[in-house]
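Fold and geometry: a report
What follows is each chain in one-letter form.
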Amino acid sequence: AVVSTQSTGYMRDDVELSESDESEIKSLMEPLKKIVDTSGNHEIVKLANDLRICMATKINLESLPSFATKDDEKDRYTDLSNIVKDLGDSFIPSRAHAIIQLGKQFANKNPLVIENIELLQTILLENLTHDDSYVFLAAVKCLGQISWCNTQVVLDRIIQEILNPGR
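Turning our attention to the overall build of the protein chain. Counting its regular elements, the protein chain contains 9 helices and 0 strands. Starting at the N terminus, the α and β elements of the protein chain follow one another as α-α-α-α-α-α-α-α-α. Out of the 167 residues in the protein chain, the part that is buried amounts to 41%. The long-range share in the protein chain, meaning contacts at least 24 apart out of those at least 6 apart in sequence, stands at 59%. Of the roughly 9600 Å² that the protein chain leaves accessible, carbon and sulfur atoms contribute 55%.

On to a nonpolar patch on the surface. Residues Leu155, Ile158, Ile159, Ile162 and Leu163 make up a contiguous nonpolar surface patch of roughly 500 Å² in combined accessible area. Locating Ile159 in the fold gives a position in helix H9 (residues 151-163).

Another aspect to go through is the confidence of the model for the protein chain. Residues with a pLDDT of 70 or more make up 75% of the protein chain, whose mean pLDDT is 75. Across the protein chain, the secondary-structure element scoring lowest on mean pLDDT is helix H1 (residues 2-11), at 44, and the one scoring highest is helix H5 (residues 92-107), at 91. Under a pLDDT of 50 for its full length, residues 1-14 has, in the predicted model, 20 contacts with residues more than four places off or in other chains. Below pLDDT 50 for its whole length, residues 68-74 participates in 7 contacts with residues either more than four positions away or in separate chains.

Nonpolar side chains tend toward joint burial in soluble globular proteins. Counting 22 residues, the largest nonpolar core has Leu87, Ile99, Leu102, Phe106, Leu120, Leu124 and Ile146 as the members making the most contacts within it. Where this core is concerned, the elements lending two or more residues are helix H4 (80-87), H5, helix H7 (117-127), helix H8 (133-149) and H9. The element contributing the most residues to this core is H8, with 6 residues. Contacts of Leu124, omitting those with residues within four sequence positions, involve Ile99, Leu102, Ala139, Cys142, Leu143 and Ile146. By size, the runner-up hydrophobic cluster in this structure holds 10 residues, among which are Met29, Leu32, Val36 and Ala56.

Moving on, we come to the packing of H7 against H8. Packed helices, taken two at a time, are described by the angle their axes make and the gap between the axes. Between H7 and H8, whose axes approach to 8 Å, the crossing angle comes to 150°. In terms of axis orientation, H7 runs roughly antiparallel to H8. Both H7 and H8 take part in a crossing whose hand is left-handed. Each of Ile117, Gln121, Leu124, Leu125 and Asn127 in H7 lies in contact with H8, whose residues at this interface are Val135, Phe136, Ala139, Cys142, Leu143 and Ile146. For the contact of H7 with H8, a count of residues per class yields 9 nonpolar, 2 polar and no charged.

So, about the state of the cysteines. On inspection of all chains with the given rule, the structure shows 0 disulfides. With no disulfide partner, Cys142 has as its closest neighbouring cysteine sulfur the one in Cys149, 9.1 Å distant.

A few words on the environment of Leu112. Relative to the helices and strands, Leu112 resides in helix H6 (residues 111-115). The spatial distance from the C-alpha of Leu112 to the C-alpha of Leu80 is 8.5 Å, given a sequence separation of 32 residues.

Considering the arrangement of structural elements, one finds Asn108 in the loop between H5 and H6. Expressed as a C-alpha distance, the spacing of Asn108 and Cys149, which sit 41 residues apart in the sequence, is 9.2 Å.

So, on to H5. Spanning 16 residues, H5 covers 23 Å between terminal C-alpha atoms, matching the ideal 22 Å at 1.5 Å per step. Considered for burial, the residues of H5 that qualify are Ser94, Arg95, Ala96, Ala98, Ile99, Gln101, Leu102, Gly103, Gln105 and Phe106. Once H5 finishes, Lys109 follows within two positions and takes phi at roughly 55°, a positive value.

So, how was this worked out
Residues numbered from 1 in each chain as written. Predicted model: local features only at pLDDT ≥ 70, side-chain atom pairs only at ≥ 80, totals over all residues. Heavy atoms only, no water. Helix = DSSP H or I, 4+ residues; strand = E, 2+ residues; numbered from the N terminus. Buried < 20%, exposed > 50% of the residue type's maximum accessible area, 1.4 Å probe, protein only. Contact = heavy atoms within 4.5 Å. Areas by Shrake-Rupley, 256 points an atom, 1.4 Å probe, with all protein chains shown as cover. Patch = residues over 30% accessible without salt bridge, like charges linked within 9 Å, V, L, I, M, F, W, Y side chains within 5 Å. Salt bridge = Lys/Arg side-chain N within 4 Å of Asp/Glu carboxyl O. pLDDT = per-residue confidence, 0-100. Core = buried A, V, L, I, M, F, W, Y, C linked by side-chain atoms within 4.5 Å. Axes fitted to C-alpha atoms, helices over the stretch in contact; angles between N-to-C directions. Parallel < 35°, antiparallel > 145°, perpendicular 65-115°, else oblique. Left-handed = near helix turned anticlockwise from the far one by under 90°. Nonpolar A, V, L, I, M, F, W, Y, C, P; charged D, E, K, R; others polar. Disulfide = S-S within 2.5 Å. Expected span 1.5 Å × (residues − 1).

Structure (structure tokens):
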């Protein structure tokens, strides 16, 4: 509860993270992973995993450049900054829809997402551990789209995960 309350302030969209904030969040990732891996209580595991995913997404989103585009279409997801913002949304349908829309950007070989493929892939890999199948399956499909753009990046990361599980 203390970790959740402390980190809630960091997760808001209007909060910029300092280096010490990022360091503090990163220091919480390993203990949360241990809770996920060792706790027998499903509710605690779910809360710890959701918190870990949100924290990892926030850290990685802070590293991404602005994705603003000059597209005049009415669709909210033609502006990549909206997709990136929703990748960190705690509302499950918004997050999953953002992942689906990101997959479409990879399918269209959008140069902005291709340039940041490794950071976006990290966010997607974190979402592979999500309990909700809508988020999980959207992340799987999006990783498939990434593999069409750059097979080697995805393959290297999957091999790394297989050889070093739980890292």
